[in-house]
Amino acid sequence: MTSHFFLLGTSITRERLSWIEENLKFFFVKLYPETLRHHAKPKDNVFTFLITGDALYSLHEPETQQVWEIILLLPSVKIICDRQELDLRGISVERLKMKYPEQVIDYNSLSINGQTSFWRDVVKIARQHEQPIPSTIGYLHLESPYMHRSSLSAVQCLAAALEVQADIEFYAYLDGVHSGHMSQSPTEFDNIGKGLEDLVELASKRNLRCQMLACSRCAAARGYSTWDDGQGLVISTCTIKPFKIRNINEMIARFDRNHLILGENVASIQLVKKGKPTILAGSDKGNAPPITILITRSPYGTEHAFGALSFAIACAHNGIQTNVIFIEDGVYALTGTHQLSKDTQYFNLQEVINAIAGSENLQLYVFQPSLQQRGIAKNREMTAVLDIGVAELGQLFFNSLKSVQANHQRILFF
Amino acid sequence: MTADKSKIPDFSGFTCTNLMIRLKMLLKNAPTDSVVEIIVRRDQTDMIEIPFSRTGYDVKILKLDNNLFHVTLQKRESGAGS
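This part is about the overall build of chain B. Of the regular secondary structure elements, chain B holds 2 helices and 3 strands. Moving toward the C terminus, one meets the helices and strands of chain B in the order α-β-α-β-β. Along the longest, intermediate and shortest principal axes, the C-alpha atoms of chain B span 35 × 25 × 20 Å. Counting the 82 residues in chain B, one finds 48% classified as buried. Pairs at least 24 apart in sequence give 61% of the contacts found in chain B among residues at least 6 apart. Between the centroid of the 12 positive side chains of chain B and the centroid of its 10 negative side chains there is a distance of 4 Å.

Our focus in this paragraph is the pairing of strand 9 (residues 210-215) of chain A. Residue and element names in this part refer to chain A. Sheet topology places strand 8 (residues 167-172) next to strand 9; 5 bridges connect them, and they run parallel. Considered in strand 9, the bridge of A172 is made with A214. Judged from the 4 bridges that link them, strand 9 and strand 12 (residues 243-246) form a sheet pairing that is parallel. Residue pairing in the sheet places L213 in a bridge with K244 of strand 12.

Let us now look at the environment of G389 of chain A. All names here are of chain A. Examined against the element boundaries, G389 turns out to sit in the loop between strand 18 (385-388) and helix 14 (390-398). A relative accessible area of 16% places G389 in the buried class. Counting along the chain gives 22 residues from G389 to F367, while the straight-line C-alpha distance between them is 5.8 Å. Contact partners of G389, with chain neighbours within four places excluded, come to F367 and P369.

Right, let's get into the pairing of strand 18 of chain A. A regular strand carries its side chains on alternate faces of the sheet. All names here are of chain A. In terms of strand pairing, strand 17 (residues 362-367) meets strand 18 through 4 bridges, oriented parallel. Counted as the bridge partner of L364 is V385 from strand 18. Between the parallel pair strand 17 and strand 18, the chain is carried across by helix 13 (residues 368-374), and the sense of this crossover is right-handed.

To continue, consider unusual backbone geometry. Residues and elements named next belong to chain A. With a phi close to 65 degrees, Q165 is a non-glycine residue in the positive phi region. Its place among the elements puts Q165 in the loop between helix 7 (150-163) and strand 8. The class for Q165 is partly exposed, based on a relative accessible area of 42%. At N361, a residue that is not glycine, the phi angle is positive and equals roughly 70 degrees.

Residues and elements named next belong to chain A. Across all of its chains, the model carries 22 aromatic pairs over all chains by this definition. Where W19 meets F397, the ring centres are 6.2 Å apart and the plane angle is 85 degrees; that geometry is what we call edge-to-face. On the criterion of sequence distance, the pair formed by W19 in helix 1 (residues 14-31) and F397 in helix 14 is long-range, its members being 378 residues apart. On the numbers, 6.1 Å between centres and 20 degrees between planes, the contact of W19 with F413 is stacked. Taken together, the positions of W19 in helix 1 and F413 in strand 19 (residues 408-413) put the pair 394 residues apart, joining distant regions of the chain. Residue F413 is classed as buried on the basis of its relative accessible area of 7%.

Attention now moves to the sheet that holds strand 2 (residues 47-51) of chain A. Residue and element names in this part refer to chain A. Across the sheet, which stays open at both edges, the 10 strands sit in the order 4-3-2-1-14-19-15-16-17-18 with mixed pairing between neighbours. Of all strands in the sheet, those with a lone pairing partner are strand 4 (104-105) and strand 18, marking the two edges. Across 4 bridges, strand 1 (residues 4-8) lies against strand 14 (residues 265-270) in antiparallel orientation. Bridging across to strand 14, F5 finds its partner in S268. Contacts between helix 3 (residues 62-73) and the sheet are confined to strand 2, strand 3 (77-81) and strand 4, with strand 3 contributing the most and set at about 130 degrees to the helix.

Now for the sheet that holds strand 2 (residues 57-63) of chain B. The strands making up a sheet are joined through hydrogen bonds of the backbone, oriented either antiparallel or parallel. Residues and elements named next belong to chain B. Pairing within the open sheet is antiparallel, and its 3 strands lie in the order 1-3-2. Each edge of the sheet is formed by a strand with only one pairing partner; in this case those strands are strand 1 (35-41) and strand 2. The average undirected angle you get between the axes of adjacent strands in this sheet is 20 degrees. Summarising the sheet, strand 1 and strand 3 (residues 68-75) pair through 7 bridges and their orientation is antiparallel.

On to the domain arrangement of chain A. All names here are of chain A. One can read the domain layout of chain A as domain 1 (1-107), domain 2 (117-263) and domain 3 (304-413). Of note, the centres of domain 1 and domain 2, computed from C-alpha atoms alone, are 28 Å apart. Every contact between the two is made by 15 residues of domain 1 and, on the other side, 11 residues of domain 2. Among the residues of domain 1 in contact with domain 2, F5, L7 and L50 are the three that bury the most area, contributing 46% of the side total. Linking domain 1 with domain 2 are 1 salt bridge. Between E85 and R149 there is a salt bridge, with the nearest N and O atoms lying 2.9 Å from each other. The interface formed by domain 1 and domain 2 contains 1 residue pair in polar contact (both at pLDDT 80 or more). If you list the elements that add at least two residues to the side of domain 1 that touches domain 2, you get strand 1, strand 2, strand 3 and helix 4 (83-89).

So, on to the pattern of salt bridges. Residues and elements named next belong to chain A. Applying the stated criterion across every chain yields a total of 25 salt bridges over all chains. For the salt bridge of D198 with K194, the shortest nitrogen-to-oxygen distance reads 3.0 Å. With D198 and K194 both in helix 8 (residues 192-205) and 4 residues apart, this pair spans about one turn of that helix. Residues R246 and E250 are paired through a salt bridge, measuring 3.7 Å at the closest nitrogen-oxygen approach. Within the structure, one salt-bridge network assembled from shared partners comprises D54, E85, R89 and R149.

Rules used in this analysis
Residues numbered from 1 in each chain as written. Chains lettered and ligands numbered in written order. Predicted model: local features only at pLDDT ≥ 70, side-chain atom pairs only at ≥ 80, totals over all residues. Heavy atoms only, no water. Helix = DSSP H or I, 4+ residues; strand = E, 2+ residues; numbered from the N terminus. Buried < 20%, exposed > 50% of the residue type's maximum accessible area, 1.4 Å probe, protein only. Contact = heavy atoms within 4.5 Å. Lys, Arg positive; Asp, Glu negative; His and termini not counted. Charge placed at Lys NZ, Arg CZ, Asp CG, Glu CD. Pairing = 2+ DSSP bridges. Right-handed = clockwise from strand over helix to strand, strands pointing away. Phe/Tyr/Trp six-rings, centres within 6.5 Å; stacked < 30°, edge-to-face > 60°. Axes fitted to C-alpha atoms, helices over the stretch in contact; angles between N-to-C directions. Domains from an automatic or database assignment. Buried area = accessible area lost by both parts, 1.4 Å probe. Salt bridge = Lys/Arg side-chain N within 4 Å of Asp/Glu carboxyl O. Polar contact = N/O pair within 3.5 Å; in protein donor to acceptor, adjacent residues only side chain to side chain.

Here is the structure:
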């Protein structure tokens, strides 16, 4: 039996939890029906949900709690909650815990400093997840500090990784580049810049490697690129010392390796070579873990959708098998006909999608139930984006190409 | 090949992903059999030459100065395209 995990840190809607539930049902009913027939549950957890931040509210809210109960009825599902974040928010998971005492865990392991740490549990699971034990744990960070608590999660996660003797890599993308701004001086919050600098020092003391890469496009847009040699090297006078601003290809080159990459909302699916490759998966080259990017937000209100597509293009360009799935509010990128004024030098998202259609290593999909839920239809001209339902989503998550050598698939929520 | 270099789209200021997007859009909108020309930086030539040669284009690169290059792309007759 394989094991998979979801690490979720932002608010979980009923819609999101429902497609996750459907996905798990697909896994058990279609791929591993024997697990449903046996009375004795498998020894190991098949799915572990690591829940922190605002995602914890979903365990308490009635409409999402109902879906969690269905998920917990499936064999070998476990939820590990971030105790500190539960306490901070005053959330109780007692009701779920009373019903499923062995599956809902609301306490965490002790870390080296003697305090309990959710992130210690996360990295322990991350390390068990991969064989041989990984020497590196990465963290892809998309949000700015202080506005988003996830920056603290990133620092805590990487600190926990150092505790288990893993090298660490921090990838700053979109607003994540702000976490490396110099001279941060918050009065009401942990200093994220200093937290990152402390990680470097801690890694050095432990003789471990620590790398922090920031995307040059995102950094330039936000005013961090003081000097650019035009050949990939960017120097900034306003970032902390360990921060290296580099072309995104340099960051993606790190994704070629087999280590686990965590983030605010990610999943890791172990891959098993089984049966014939699915036609949805396309052709493959290279041994890098395949990536599925879920575009969950509407296209223009934030940079997430464009950032996700740019990221996907860069991954595919670097030989990584990349699936992009428009899901939840992400489907708005595909509806209607988007128009910019004719004299603009910029492009709308539909033009980008049409331009990248047919690129090597890149497949585009739209989750039909998300369109239906919103009462909208895909623009008929967006033929490069294939319609998928629950079954196809399950295939994309759990079936791998025979030629893929990596032992896991990365799933990134944008 | 365009003699007046100032009339060729200058992509040298773009980041790699933007360059890829804009070049693909340019190629999609170009008439069949036409030659697409752009100016790029030295580091950008790497991300054009091999990927586009592999996907059905004849790619020619001409050095203009230390860091600027004139790239032409034309779809091969039997090429799959990108």
